[in-house]
Every structure is written in structure tokens, then in C-alpha cells.
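Here are the chains, one letter per residue:
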Amino acid sequence: MTLRLQPVRVATDSYDIDGQLVFADGFPAAVLVKLSAYHEDMAGMWFLEAGFGWVDTPNRPTFADLDTAQAWIEQQLADAA
Amino acid sequence: MSSAPDHHAMNWLIRKLESIARLSDKDRQAIESLPVRIHKLDARQDIVRDGDKPSHCCLIIDGWACRYKLLSQGKRQILSFHIPGDIPDLQSLHIHTMDHSLGTMTKATVAFIPHENLRDLTARHPGIAAILWRDTLIDAGIFREWLVSMGRRSAFEHVAHLFCELYLKLQAVGLAGNYRCPLPVTQADLADALGLTPVHINRVLQEMRGKTLITLRSSTLVIEAWNELLRVSEFDPTYLHLEKRATG
């Protein structure tokens, strides 16, 4: 399974708008959003704004960087298989 | 540490019970005579754990506590917040195994009341038994309202609803007034209580501040627009069943 990222601006109705659309084998699997300075110690982290299917967990994690985020998404999809 | 009556401690329970019902002088005296063991606890310290079989109930005298449930991977759901006057594990008198945990949120002072003394009190004072039953029923009503919030209110409405509820509960026991109240609760705690993420809580608080609905700083909540908060959350205080009294 290959993940591909596409930068996108997300209408979160907040200051957090810089995002990445995450495609898994060509299908949108998740939307990640970079947390703005407003979030203080979480500023700069990546937040799972939305997930589809097995990536759609009730607990929405935040990730230190995009690599960690992608690793987590891959794990969710692998668990599903 | 042995148990002994403590009027100061029991005053909190009396204040809480009088916010939901009338107490006779005899009832008040009987409650004041309950032997208790006072303990001072740190913040984030468990009082009773999921699966425990306690032999006493815990009355909060100072500080805040919460009931919570922990699942795998540290997933926590806070089930309710508790303030001075509350006995969050009253159910342990009749349900012997805890199905959730109770822990402090701040440094706290608690009074442990042995079950046998509480049972004796309720047997000899059916009026008090009825009021404790009423308190448990209101507790259930609060859970129902939380269920509605969890399922059907937006994040914004949900936070607004909680703020209204906490303010009224604190005001009822004399811990809040003039639309100001303590709120020694982190954003992670709010997230775990409302089934949201700290990110959503942050965004909602930002929006509320932007609209000058609230000020939240140094663990103090100031509600700047009470009516608007009520309206937005469709808040109906009936479920708290607070006794109306002349404000003193």
C-alpha cells in the first residue's frame, strides 16, 4: 500500500487550515491539518482532522510530524486487512 | 486515623443536600454527627478504582474530582465532575463493586464516611434516605443530559452546555456568583469529558472568546454572555432540580 500526500487548505472554521490530503492506493484516506500557534504546546503538530473507514477513529491523534502521521495511518489500514 | 464527627466537613454535605431538598433540624444534626476520616489528597490521585469494593463513601470537602473510565491505550472517558458537597461514590453503599474510577483533579480534601454509619443513618432517618435517593436520581438525570450532548450537540453547543451546568452547580453550593466560577479543568480533561479532542476544545474556546461569550484564565471561568450561552446550548436547568432559594 502506498500513501501519497497532497497539500490542501481545509475549511476547519479555525486558524488551522494548512493541511494534507492523504491518499492510500489512490483513495482519500485521511485529512491532516497543521495546528496553528493558537494551540500553544501543540502548535506545529499534525492533527487527524478527518479519517475514512479504518482511519476514522473516535480518538483523533496529533502527530509530531508527517512521517509519524503516515506511519499511524498505514498501521490503521494494515490492522483492517 | 480514627473517625470522628466534623461539622465543617458535614456542612458541605448539608449545603449540597439543601440545594436539592429541604432538611429538618433533626436531619441536619444527624448528618453532623456522622463519624468521618479526613484525608488530604494530591491532584490526579485515585480515590477509588474500577473494580474496588470500598467500605466507605467519599465526601468532597475541598477541590474537584471526577468519575472516569479507562480503556486500553490510555483512552479515558470522564463521566462527571464533582465539587465540594458531592459524594460521587454514594452508589457503593448499595452497589458493592465500583464499575468506574473516582479521582481528584486538583489537590483535594475528602471525608471518608464508613458504610455502616451511612446505612445506620438512612435506616434511622428515612427523610435523609429519601434525599440521598433524590440525589442519585438527579445524578442519573445529569448523565441523561450528558448523553444528549454527546450525541446531538455540536462541539460548541456541548461546551456551552457544560459551562452552564457547572456554573449553576457551583452557585447552588455557594462556590460561584456574578457569572464567575472556578474551573480547574485542563483542556485534556474537557476533551475527555465531552468526547472531543483537545484540538476541538481549543477551537471552541477560541471561538467563544472571539465572540466575547466567556473569559477563561487561571482556572477561572467568567461567563460574559449568560443568555447567549443558554440559548446556544438549549440549556434547560430542570434536570438539575435545584431548590429555589433567596440569594444570600
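On a predicted model such as this, the values are computed, not experimentally measured, just so you know.

J.: Which residues make up the overall build of chain A, and what values go with them?
T.: Secondary structure assignment for chain A yields one helix and five strands. Secondary structure of chain A in N-to-C order comes out as β-β-β-β-β-α. Relative to the 2.2 N^0.38 estimate, which gives 12 Å for 81 residues, the radius of gyration of chain A is 12 Å and therefore close to what a compact globule would have. Counting only C-alpha atoms and orienting by the principal axes, one finds that chain A spans roughly 35 × 20 × 20 Å. Expressed as a percentage of its 81 residues, the buried residues of chain A come to 41%. A separation threshold of at least 6 residues defines the contact pool for chain A, and within that pool the share at least 24 residues apart is 20%. Accessible surface for chain A amounts to roughly 4,600 Å². Of this, 54% is attributable to carbon and sulfur atoms. Side chains of chain A carry 4 positive and 12 negative charges; the gap between the two charge centres is 8 Å.

J.: A description of the overall build of chain B should follow, citing residues and the corresponding values.
T.: The number of helices and strands found in chain B is eight helices and eleven strands. At 18 Å, chain B has a C-alpha radius of gyration in line with the 18 Å of a compact globule built from 248 residues. By principal-axis analysis of the C-alpha atoms, chain B measures approximately 55 × 45 × 30 Å. Evaluated residue by residue, chain B yields a buried proportion of 52% over its 248 residues. The contacts of chain B with a sequence gap of at least 6 include a subset with a gap of at least 24, amounting to 74%. Here chain B has roughly 11,900 Å² of accessible surface; of this, 52% comes from carbon and sulfur atoms. Across chain B, the 30 positively charged side chains and the 28 negatively charged ones have centroids separated by 2 Å.

J.: Break down the nonpolar core for me, with residues and values.
T.: Counting residues in each nonpolar core, the largest one holds 71 residues, and the members touching the most others are B:F81 and B:M208. Per element, the largest residue contribution to this core is ten residues, and it comes from helix α5 (residues 155-172) of chain B. When near neighbours in sequence (up to four residues on either side) are disregarded, B:M208 contacts B:F156, B:V159, B:A160, B:F163, B:L213, B:I214 and B:L229. The next biggest cluster of nonpolar side chains, apart from the first, holds twelve residues, and it includes A:A29, A:L32, A:L48 and A:F63.

J.: Just give me the short version of helix α7 (residues 198-210) of chain B, but keep the residues and values in it.
T.: All names here are of chain B. With 13 residues, α7 extends 18 Å from end C-alpha to end C-alpha; this agrees with the ideal 18 Å at 1.5 Å per step. Those residues of α7 lying buried are V199, I201, N202, R203, V204, L205, Q206 and M208. Looking one or two residues beyond α7, the residue adopting positive phi is T212, at roughly 50 degrees.

J.: Any chance you could break down the sheet that holds strand β4 (residues 56-62) of chain B for me, citing the residues and the numbers?
T.: Residue and element names in this part refer to chain B. Taken in spatial order, the four strands of this open sheet run β1-β2-β8-β4, and their pairing is antiparallel. A strand with exactly one partner marks an edge of an open sheet, and here the two such strands are β1 (4-5) and β4. Bridge count between strand β2 (residues 35-41) and strand β8 (residues 108-114): five bridges; the pairing is antiparallel. Bridging from a neighbouring strand, I38 pairs with A111 of β8.

J.: Go over the sheet that holds strand β3 (residues 46-48) of chain B with me, naming the residues and quoting the values.
T.: For sheets, the rule is that strands pair by backbone hydrogen bonds, running either parallel or antiparallel. All names here are of chain B. Read from one edge to the other, the open sheet built from four strands follows the order β3-β7-β5-β6, with strand pairing classed as antiparallel. The sheet is open, and its two borders are formed by β3 and β6 (76-82), each paired with just one other strand. Taken pair by pair, the neighbouring strands of this sheet meet at an average axis angle of 35 degrees, ignoring direction. Inspection of the sheet shows β3 paired to strand β7 (residues 101-104) by two bridges, in the antiparallel sense. Paired with D46 across the two strands is G103, which belongs to β7.

J.: Describe the domain arrangement of chain B, listing the residues and the values that go with them.
T.: Residues and elements named next belong to chain B. With domains assigned, chain B is organised as domain 1 (4-138) and domain 2 (153-240). Inter-centroid distance (C-alpha atoms) of domain 1 to domain 2 is 24 Å. Listed as interface residues are 17 residues of domain 1 and, on the opposing side, 20 residues of domain 2. Taken together, both faces of the contact between domain 1 and domain 2 bury some 1,500 Å²; the carbon and sulfur share is 64%. The largest share of the area that domain 1 buries against domain 2 comes from W64, F81 and I83, three residues that together contribute 38% of it. Our count for the contact surface shared by domain 1 and domain 2 stands at three salt bridges.

J.: Provide a residue-level description of the environment of B:R37, including the pertinent values.
T.: Position of B:R37 relative to the elements: it lies in strand β2. Along the sequence, B:R37 and B:G127 sit 90 residues apart, while their C-alpha atoms lie 24 Å from each other.

J.: Tell me about the packing of aromatic side chains, residues and numbers included.
T.: All names here are of chain B. Under the counting rule described, the total for this entry stands at seven aromatic pairs over all chains. Ring centres of Y167 and Y179 lie 5.7 Å apart, and the angle between their planes is 25 degrees; on these two criteria the pair is classed as stacked. Here Y179 lies in the loop between α5 and β9 (180-182) and Y167 lies in helix α5, a separation of twelve residues in the sequence. Exposure remark for Y179: the relative accessible area of 38% places this residue in the partly exposed category. An aromatic cluster of three or more residues is present, and its members are W64, F81 and W146.

Basis of the calculations
Counting of residues starts from 1 at the beginning of each chain's written sequence and follows it residue by residue. Lettering of chains starts at A and numbering of ligands starts at 1, both following the order in which they are written. At least 70 in pLDDT is required for a residue's local features to be given in this predicted model, at least 80 for side-chain atom pairs to be given and counted, and no such filter applies to totals for whole chains, interfaces and linings, which use all residues. As a convention, hydrogens and water are excluded, and side-chain values are obtained from all of the structure's heavy atoms. Every helix listed is a DSSP run of H or I at least four residues long, and every strand listed is a run of E at least two residues long, numbered separately from the N terminus. In this description the radius of gyration comes from C-alpha coordinates, and the expected globular size is given by 2.2 Å times residues to the power 0.38. Throughout, exposure labels follow a simple rule: accessible area from a 1.4 Å probe, protein chains only, divided by the maximum for the residue type, with under 20% read as buried, over 50% as exposed, and the rest as partly exposed. Between two residues, a contact is recorded if the distance between any of their heavy atoms is within 4.5 Å. To be clear on the numbers: accessible area is Shrake-Rupley with a 1.4 Å probe, and residue cover counts the displayed protein chains and nothing else. By the counting rule applied here, Lys and Arg register as positive and Asp and Glu as negative, while His and the ends of each chain are not counted. Just so you know, the charge point we use is NZ for Lys, CZ for Arg, CG for Asp and CD for Glu. As used in this record, nonpolar core signifies buried Ala, Val, Leu, Ile, Met, Phe, Trp, Tyr and Cys residues forming a set joined through side-chain atoms within 4.5 Å. Under the convention used throughout, the expected extent of a helix is 1.5 Å for every residue step, that is, one less than its residue count. Strand pairing requires that DSSP identify at least two bridges connecting the strands. Convention adopted: a line fitted to C-alpha atoms gives each axis, helices being fitted over their contacting stretch, and angles between N-to-C directions are expressed from 0 to 180 degrees. Segmentation into domains, and thus their bounds, comes from an automatic or database assignment. Accessible area, probed at 1.4 Å, shrinks when two parts are joined; the buried area is that loss added up over both. A side-chain nitrogen of Lys or Arg and a carboxyl oxygen of Asp or Glu constitute a salt bridge if their distance falls within 4 Å. Stacked, tilted and edge-to-face are the three classes assigned to paired rings of Phe, Tyr and Trp, where Trp is represented by its six-membered ring and a pair needs centres within 6.5 Å; plane angles under 30 degrees give stacked, over 60 edge-to-face, the rest tilted.

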